[in-house]
Amino acid sequence: MTLIATNNVTAIIGMGITGQSVARYLSEKGQPFVWLDTRANPAHFDSILKAYPGLNYELGDLCVDTLTAVNEIVVSPGVSIDCDAIKLARAAGVSIVGDIELFIRENDKPLIAITGSNAKTTVTTLVGEMARAAGIEVAIGGNIGTPALDLLQQQDAQCCLLELSSFQLELIESLNADVAALLNISEDHMDRYANLALYHRAKQRVFYGAKKVILNRADPLTNPPLAEGVQRYSFALNQPDRNEFGLQQKANSEWLGFEFKALLPVSEVKMPGRHNLENSLAALAIGHAAGWPMEPMLQVLKTFKGLPHRCQWVAECDGVNFYNDSKGTNVGATLAALNGLQKESGKIVLIAGGVGKGANFSALAKPLTHARAVVLIGEDAEKIAAAVADNVECYFCDSLEAAVIKSLAVAQSGDDVLLSPACASFDMFSGFEDRGNAFVQAVKKVAA
């Protein structure tokens, strides 16, 4: 159907999960809208037509006449705002926003916002568990689980907790979070951003208007340019100082600590890997900044095992342990997993490859010097090999199951086989979950 031009209409671009949450929100407010999608046949289109009888919609190439006729455009995260039609609409004076901006306009609860290239889902989930342990009713969403606008329906929530991607942050003018955290920055989505600086700029928007901020002392790119008076906390795997979380030595053992106080022995943290100590410290910093009591947060660290597909132990076969880090979809995530599993004895066999999203894989070369081998699959296997082959033996396989078999063949007792692809999965799988599940099944088959 064709939109009748009026300046009291909102355009929604994208019929995915986010777009559907925007449609529900606008419908409840009685705000007329036209719904666009660049796909000729979007998923769930029939159910959308049933839910919205008489819907004004357009499919395929975005129409400039439509977008310049509306008052505001709500762009889904998967749609680049650099496309010509959206640029022309902005030049014509049309407001361009995302669903997070709509959420900010309505939200009246304390807001915690978390972003980063890696670990943001683990940290967000962990912070949510800490909130509940502290007796705080928390609504969690954004880039994880529930769309942000749907959180407005959770009237009993005392606090909103958002995981935010760079795509969601692009269109935010002032998030005004009570606590804002940027966990880390590494190359990701270089197929959408022209360079790291533009990606970094999008991530830094999480700090706009924040009352308290959390940064990573080991990553200078997380350091926010802030006005005076904004409370800053930090985390890293070194000795902490004032307003800092880190690692301390106590009675010949390593402890999580805050400032000059030891909090919890590292041996009692349930999640495996050094990178998860960093995630634990980040979560403690966020909870502390939010004003939550320390003891229930520490209790959570004793029981929280981590999330599926994130350095998840799968099985042991012939003295070789297999770990599923299918969520390692960029180089930074794979580096974190490699560093997290390092130990005094045994080496790592890395399974990597997939859709590289324009990434530079050269950062993998140095840490893989100490690996047993790399087994490569997928679209960008050759690109990874070109970056690391001078440092480590590389093998190529045409399936993930074959890669598991090859990894076991080259591994020695005491080694770890790590699936951490440093790539997206869409060349071979429907998503990182599908890839991780396939890995688990392949491991179980060889371990049987």
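Shown above is the structure to which this text applies.
Residues numbered from 1 in each chain as written. Predicted model: local features only at pLDDT ≥ 70, side-chain atom pairs only at ≥ 80, totals over all residues. Heavy atoms only, no water.

Give a detailed account of the overall build of the chain, specifying residues and quantitative values.
When you go through the chain residue by residue, the secondary structure sums to 14 helices and 20 strands. By its C-alpha atoms, the chain is 70 × 50 × 35 Å across when sized along the principal axes. Looking at the chain as a whole, 56% of its 448 residues qualify as buried. At a minimum sequence separation of 6, the contacts of the chain that also span at least 24 residues come to 61%. (Helix = DSSP H or I, 4+ residues; strand = E, 2+ residues; numbered from the N terminus. Buried < 20%, exposed > 50% of the residue type's maximum accessible area, 1.4 Å probe, protein only. Contact = heavy atoms within 4.5 Å.)

So, the packing of helix H6 (residues 120-133) against helix H9 (residues 274-289): which residues are in play, and what are the values?
The N-to-C vectors of H6 and H9 enclose an angle of 50°; their axes lie 9 Å apart at closest approach. The angle between H6 and H9 falls in the class oblique. Considering how the two elements wind past one another, H6 and H9 form a crossing that is right-handed. In contact with Thr122, Val123, Leu126, Val127 and Met130 of H6, H9 contributes Asn276, Asn279, Ser280, Ala282, Ala283, Leu284 and Ile286. Along the lines of polarity and charge, the residues of the contact of H6 with H9 split into eight nonpolar, four polar and no charged. (Axes fitted to C-alpha atoms, helices over the stretch in contact; angles between N-to-C directions. Parallel < 35°, antiparallel > 145°, perpendicular 65-115°, else oblique. Left-handed = near helix turned anticlockwise from the far one by under 90°. Nonpolar A, V, L, I, M, F, W, Y, C, P; charged D, E, K, R; others polar.)

So what's going on with the environment of asparagine 195? Residues and values would help.
Structurally, asparagine 195 is set in the loop between strand E9 (179-182) and helix H8 (196-204). Look at asparagine 195 and you get partly exposed, because its relative accessible area is 36%. At 2.9 Å, the side chain of asparagine 195 and the backbone nitrogen of leucine 198 are in polar contact. (Polar contact = N/O pair within 3.5 Å; in protein donor to acceptor, adjacent residues only side chain to side chain.)

How would you summarise the sheet that holds strand E5 (residues 95-97) if you had to cite specific residues and measurements?
The strand order across the open sheet built from five strands is E3-E2-E1-E4-E5, with neighbouring strands paired in parallel fashion. Each edge of the open sheet carries a strand with a single partner, namely strand E3 (56-59) and E5. Across the sheet, the mean angle from the axis of one strand to that of its neighbour is 20°, orientation sign disregarded. Across three bridges, the pairing between strand E4 (residues 72-75) and E5 is parallel. If you follow glutamate 72 over to E5, its bridge partner there is serine 95. The strands touched by helix H4 (residues 84-91) are strand E1 (10-13), E4 and E5; relative to E5, the strand with the most contacts, the crossing angle is about 130°. Each of E4 and E5 is contacted by helix H5 (residues 99-106), which is oriented at about 110° to E4, the strand it contacts most. (Pairing = 2+ DSSP bridges.)

I'd like a description of the packing of helix H1 (residues 17-29) against H5, backed by residues and values.
Direction vectors running N to C along H1 and H5 enclose 40°, while the axes themselves pass 10 Å from each other. One way to sum up the angle between H1 and H5 is to call them oblique. Regarding H1 and H5, the two cross each other, and that crossing is left-handed. Mapping the contact onto sequence places Thr18, Val22, Tyr25 and Lys29 in H1 and Asp99, Leu102 and Glu106 in H5. Its residues placed into classes, the contact of H1 with H5 shows three nonpolar, one polar and three charged.

Break down the pairing of strand E16 (residues 320-324) for me, citing the residues and quoting the values.
With respect to burial, E16 is a largely interior element, four of its five residues being buried. Looking at chain direction, strand E15 (residues 312-317) and E16 are connected through five bridges and run antiparallel. Bridge pairing in E16 places tryptophan 313 opposite tyrosine 323. The antiparallel pairing of E15 with E16 creates a hairpin that spans two residues between the two strands, and aspartate 318 there sits at a positive phi of about 55°. Of the strand pairs in this sheet, E16 and strand E20 (residues 416-419) are connected by four bridges, and their pairing is parallel. Residue pairing for E20: asparagine 324 is matched across the bridge by leucine 419.

Outline the pairing of strand E17 (residues 348-352), supporting the account with residue identities and numerical values.
The buried count for E17 comes to five of five residues, which makes it a mostly enclosed element. Residues Ile348, Leu350 and Ala352 point to one face of E17 and Val349 and Ile351 to the other, with burial holding for every one of them. Both E17 and E20 contribute to a ladder of four bridges, which runs parallel. Across the sheet, isoleucine 348 pairs through a bridge with aspartate 416, a residue of E20. Looking at chain direction, E17 and strand E18 (residues 373-376) are connected through four bridges and run parallel. From the neighbouring strand, leucine 350 faces E18, where its bridge partner is valine 374.

Go over the sheet that holds E18 with me, naming the residues and quoting the values.
Pairing in this open sheet of six strands is mixed, and the strands run E15-E16-E20-E17-E18-E19 from one edge to the other. The open sheet terminates on both sides in strands that have one partner only, identified here as E15 and strand E19 (394-396). Sheet twist, expressed as the average angle between the axes of neighbouring strands with direction ignored, equals 20°. Direction of pairing for E18 relative to E19: parallel, over a ladder of three bridges.

Give a description of the pattern of salt bridges that names residues and reports values.
Between side chains of opposite charge, a pair can form when the charged atoms approach closely. Enumeration according to the criterion identifies 17 salt bridges in this entry. In this structure, arginine 132 and glutamate 129 form a salt bridge, with 3.3 Å as the shortest nitrogen-oxygen distance. Of the two residues, arginine 132 and glutamate 129 both sit in helix H6, three residues apart, roughly one turn of that helix. (Salt bridge = Lys/Arg side-chain N within 4 Å of Asp/Glu carboxyl O.)

A description of H9 should follow, citing residues and the corresponding values.
Since there are 3.6 residues in each turn of an α-helix, residues three or four apart along the chain are aligned in direction. Taking 1.5 Å of rise per residue, 16 residues should cover 22 Å, and H9 covers 23 Å from first to last C-alpha, within 8% of that figure. Positive backbone phi, at 90°, marks glycine 291, one or two positions downstream of H9. (Expected span 1.5 Å × (residues − 1).)

These values are about where atoms sit, not about what they do.
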